[in-house]
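# Close look at the chain arrangement
Single-letter residue listing:
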Amino acid sequence: MTSFRIPFYRHDLGQAELDEVAKVLAGEILTTGETVAEFERRFAALLGRRHALAVTSCTGALHLSLLALGIGAGDEVITTPMSFVATATAIIEAGATPVFVDVEPDTGNIDAARIEAAITPRTQAIMPVHLYGQMCDMQAIGAIAARHGLAVLEDAAHCVEGRRDGLGPGAVGVTASFSFYATKNMTCGEGGALVTDDTALYEKLRLWRLHGMTRSAAERATEGYAQWDMIQMGWKYNLSNIEAALLLPQFARLEAKLAQRQELARRYRQGLAGLPGIAIPAERPGGIHAYHVLPIWVFGRPGRDAVIAGLNRRGIGAVVNYNPIHLMRYFVDTYGYAQGDFPIAERLGHATLSLPFYPGMSLEAVDEVVRAVTEILAENRN
Ligand SMILES: *Cc1c(COP(=O)(O)O)cnc(C)c1O
């Protein structure tokens, strides 16, 4: 395992998180209990939604959302090819078919203007992804969904803090799903959550999160044993108190960390401005960009992969968010997708790389990364 001088990502969990985990260990309930409930109350309040449900992953949250709405075999769900594969695989897990729509050339977000052309009699839902932390055009997507009687399920894995036109994640969608995977803006290593304003749906999702059982282990342990029943098929998606404890102290840091990422992003934008063949996804004015990662697009020579290799040689980490989903081998083999199906996603996906970007990264480190990119471009052009 290579260790980079400037890594792609470095988490900021420490003593505060250890202290919260120690509290859980001093108690009796390691599995889903009061610590999870406290996290859910605070997360729902943060997002301004009625309910939050903590689960083991964003993939699980998306899967549960689809199941709870009765979306499955024979149904189609419209989504974007410019995302992590989990957006599309959650749809497949539910038994439905992902139908891709190409993206906006300047942000990489799903292009709302192209959605209606992809709607068929089988379409049940739209699953937009707030890519890199920037909200999609939820006003437009919400209007299309209303016109066609479709559900909106938001993949907000990048976007705890984002807003646009006064709308945050979950304002338009029946649910919005979040990831607390290792490199996300809030993290417990692995975890996720969804939010919803729909109380009936929330009650269903709660059951489905844990085997369709009427009572959890924590309830049985704290309220005295009571017989439980399994009243419907359910899944095993509950988050533990240990993981919830890791998340609790991070609420207090969210705002400061966002401000810091915004400052790093400004520095990157200034530094990279005017470099030939390099572009950064546009930031729409008037909203809040949650800045989960800092991608750039390398158009033309020397190509994205050469820039990554050059960065790595200089001790600088970089990753790809994302090669387009529809050209992953499974999707080509299963659905017959081919090069050229979604040309904008392909152009962006083959040009994109994400530069180092994390809380605690210094502006000097940003400058060093910018110098490295500048050098690599110069070397390869001569
Ligand atoms: C990380 C991510 C997911 C999956 O999250 P998990 O918690 O790992 O399941 C889904 N969608 C997007 C856009 C992501 O970045």
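Structure report, in brief.

### Notes on the overall build of the chain
Scanning the chain from N- to C-terminus turns up 13 helices and 10 strands. In terms of C-alpha radius of gyration, the chain reaches 21 Å, essentially the compact-globule figure of 21 Å for 382 residues. Its C-alpha atoms give the chain principal-axis dimensions of roughly 75 × 55 × 40 Å. Across the 382 residues in the chain, those meeting the buried criterion constitute 55%. The contacts in the chain between residues at least 6 apart in sequence include a share of 71% that link residues at least 24 apart. Accessible surface computed for the chain: about 15700 Å², of which carbon and sulfur atoms make up 53%. Averaged over its 34 positive side-chain charges, the chain has a centre that lies 4 Å from the centre of its 41 negative ones.

### Here we look at helix H13 (residues 363-381)
Spanning 19 residues, H13 covers 27 Å between terminal C-alpha atoms, matching the ideal 27 Å at 1.5 Å per step. Buried within H13 are the following residues: Ala365, Val366, Val369, Val370, Ala372, Val373, Ile376 and Leu377. In a view along the axis of H13, the buried residues occupy a sector of 155°, so they form one face of it. Pointing more than 90 degrees away from the buried face of H13 are the exposed residues Glu364 and Arg371.

### A closer look at the site of the ligand
Lining the immediate environment of the ligand, one finds 16 residues, of which Thr59, Asp155, His158, Ser179 and Lys184 sit closest. Here an oxygen atom of the ligand and a backbone polar atom of cysteine 58 are 2.9 Å apart. With respect to the ligand, the side chain of threonine 59 contributes an N or O atom lying 2.5 Å from an oxygen atom. Here the ligand loses 94% of its free accessible area of 380 Å² to cover by the protein chains. Every element with two or more residues in the shell around the ligand is listed here: helix H3 (58-68) and helix H4 (85-93).

### A closer look at the pairing of strand S7 (residues 192-196)
Along S7, five of the five residues are buried, which leaves the element largely enclosed by surrounding structure. Note: strand S6 (residues 175-179) against S7, four bridges, orientation antiparallel. Its bridge partner being in S7, phenylalanine 178 is matched across the sheet by alanine 193.

### Overview of the sheet that holds strand S8 (residues 278-279)
Strand order in the open sheet formed by three strands is S8-S9-S10, and the pairing between neighbours is antiparallel. Edge positions in the open sheet fall to S8 and strand S10 (352-355), since each of these has one partner strand only. When strand S9 (residues 294-298) meets S10, the two strands line up antiparallel, connected through four bridges. Opposite tryptophan 297, over in S10, you have threonine 352 as the bridge partner. Sitting on the sheet, helix H10 (residues 304-313) is in contact with S9 and S10, with an inclination near 25° to S10.

### Topic: the nonpolar core
Formed by 49 residues in total, the largest nonpolar core has its most connected members in Tyr268, Leu311 and Leu355. Elements represented by at least two residues in this core include exactly helix H9 (254-272), S9, H10, helix H12 (343-349), S10 and H13. At eight residues, H13 tops the list of elements feeding residues into this core. Ignoring sequence-local partners within four residues, the contact set of leucine 355 consists of Phe8, Tyr268, Leu272, Leu294, Ile296, Leu311, Val369 and Val373. Counting 41 residues, the second-largest nonpolar core is a separate cluster that includes Val99, Leu167, Leu248 and Phe251.

### Considerations on a nonpolar patch on the surface
A cluster of nonpolar side chains, contributed by Tyr225, Trp228, Met230 and Met233, occupies part of the molecular surface with about 470 Å² of accessible area. Secondary-structure assignment places tyrosine 225 in the loop between helix H7 (217-223) and helix H8 (241-247). On the basis of relative accessibility, which here comes to 56%, the residue tyrosine 225 falls in the exposed class.

### Re the pattern of salt bridges
The final tally for this structure, using the stated rule, is 19 salt bridges. Across the pair arginine 267 and aspartate 367 runs a salt bridge, and its minimum N-O distance is 2.8 Å. Residue arginine 267 is found in helix H9, and its partner aspartate 367 is found in helix H13; the two are separated by 100 residues along the sequence. Its relative accessible area of 27% is what places arginine 267 among the partly exposed residues. The residue arginine 314 makes a salt bridge to glutamate 379 at a minimum N-O spacing of 2.8 Å.

Reading guide: rules and limits
All residue numbers here refer to positions counted from 1 along the written sequence of the relevant chain. Restriction of local features to residues with pLDDT of at least 70 applies here, the model being predicted, together with a cutoff of 80 or more for giving and counting side-chain atom pairs; totals for whole chains, interfaces and linings are based on all residues. Side-chain measures here rest on the full set of heavy atoms in the structure, leaving out hydrogens and waters. Where helices and strands are cited, they refer to DSSP runs of H or I of at least four residues and of E of at least two residues respectively, numbered from the N terminus. Only C-alpha atoms enter the radius of gyration; for comparison, a globular chain is expected to reach 2.2 Å times N to the power 0.38, where N is the number of residues. Classification of residues uses two cut-offs on accessible area relative to the type maximum, computed with a 1.4 Å probe and protein chains only: under 20% is buried, over 50% is exposed, and between them is partly exposed. Contacts are assigned to residue pairs with any non-hydrogen atoms lying within 4.5 Å of each other. Accessible areas in this description were obtained via Shrake-Rupley with a 1.4 Å probe; residue shielding takes into account the shown protein chains only. Charge counting follows a simple rule: Lys and Arg are positive, Asp and Glu are negative, and His as well as the terminal groups are ignored. Charged groups are reduced to one reference atom each: NZ for lysine, CZ for arginine, CG for aspartic acid, CD for glutamic acid. The span expected for a helix works out to 1.5 Å for each residue beyond the first. In this context, the arc is that of the directions from the helix axis out to the C-beta atoms. Being near a molecule or strand, for a residue, means having at least one of its heavy atoms within 4 Å of it. Two N or O atoms form a polar contact when they lie within 3.5 Å of each other; inside protein one atom must be a possible hydrogen donor and the other a possible acceptor, and for residues adjacent in sequence the pair counts only when both atoms belong to side chains. A strand pair is defined by DSSP finding two or more bridges across the two strands. Fitted lines through C-alpha atoms give the axes, limited to the stretch in contact for helices. The angle between two N-to-C directions lies from 0 to 180 degrees. Here, nonpolar core means buried Ala, Val, Leu, Ile, Met, Phe, Trp, Tyr and Cys residues that are tied together by side-chain atoms lying within 4.5 Å of each other. Think of a patch as exposed residues, more than 30% relative accessible area, with no salt bridge, where like charges cluster within 9 Å and nonpolar side chains (Val, Leu, Ile, Met, Phe, Trp, Tyr) cluster within 5 Å. Basic side-chain nitrogens of Lys or Arg form a salt bridge, by our definition, when they fall within 4 Å of a carboxyl oxygen of Asp or Glu.

Remember, this is a structural readout, not a statement about activity or role.
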